[in-house]
Structure formats: C-alpha cells, structure tokens
Amino acid sequence: QKSGEVVTQSMQGIAREVEHTRTWLRGVLGREVGQILLTGNGTRVRGFELYLQDQTGLPVQEARAKVKRLTGIED
C-alpha cells in the first residue's frame, strides 16, 4: 500500500470511532458533542482537521493550552 492510503484508512477509522462515541454519548448520557478539539500528533497530520470536520459536520480545531502567568516571579 502507498503511505497515503494507509493514512486515509487510519483517518477513516478515527472518524468512525468519533461517530460511535457521539452515538454512545447521545444514547447513554443524553449529551451532544458540539466540537472536536485535537491534541497531540494528530494535529500535525495535514488535512486531518478538515477531513474530520467534513466527516462529522462538527467544528474541529487544535486545542490550545491556556497559560496564566504567575505573579511575583521575576523574568
């Protein structure tokens, strides 16, 4: 297989698992997913964010840590 096909198959598997999780959350907990936040190396796969957004219909973005400065510490 070509590397692009392997990546595509992996992305399809992830999208499928996201949909299974959404179904479970809706059925068991009565909760709806409103957005998907990506973390880790998945954020480095070019086009994954748009692919997942297209497959799920949800907004997808990279999660960003909120960093607060500590007061009383000199730089």
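Scroll up to find the structure.
Residues numbered from 1 in each chain as written. Predicted model: local features only at pLDDT ≥ 70, side-chain atom pairs only at ≥ 80, totals over all residues. Heavy atoms only, no water.

Where helix α1 (residues 3-29) contacts helix α2 (residues 48-56), the axes come no closer than 10 Å and their chain directions differ by 45 degrees. By the angle class used here, α1 and α2 are oblique. The way α1 lies across α2 gives a crossing that is right-handed. For the pair formed by α1 and α2, the contact residues are M11, Q12, I14, A15, V18, E19 and R22 on the first element and F48, Y51, L52, Q55 and T56 on the second. Here the contact of α1 with α2 is built from residues that sort into seven nonpolar, three polar and two charged. (Axes fitted to C-alpha atoms, helices over the stretch in contact; angles between N-to-C directions. Helix = DSSP H or I, 4+ residues; strand = E, 2+ residues; numbered from the N terminus. Parallel < 35°, antiparallel > 145°, perpendicular 65-115°, else oblique. Left-handed = near helix turned anticlockwise from the far one by under 90°. Contact = heavy atoms within 4.5 Å. Nonpolar A, V, L, I, M, F, W, Y, C, P; charged D, E, K, R; others polar.)

Looking only at α2, the buried set comprises F48, Y51, L52 and T56. Seen from one end, α2 has its buried residues packed into an arc of 115 degrees, which puts them on one side. Facing away from the buried side of α2 by over 90 degrees, the exposed positions are L50 and D54. Structurally, α2 contributes buried residues whose contacts are with α1, β1 (36-38) and β2 (60-62). (Buried < 20%, exposed > 50% of the residue type's maximum accessible area, 1.4 Å probe, protein only. Arc of directions from axis to C-beta.)

Next up on the list: the side chain of T56. By secondary structure assignment, the location of T56 is in helix α2. The class for T56 is buried, based on a relative accessible area of 10%. Setting aside chain neighbours within four positions, we find T56 in contact with V18, E19, R22 and I36.

Along the polypeptide, E5 turns up in helix α1. Taking the C-alpha atoms as reference points, E5 and A15, separated by ten residues in sequence, lie 15 Å from one another.

The quantities given are spatial measurements derived from coordinates; they are silent on function.
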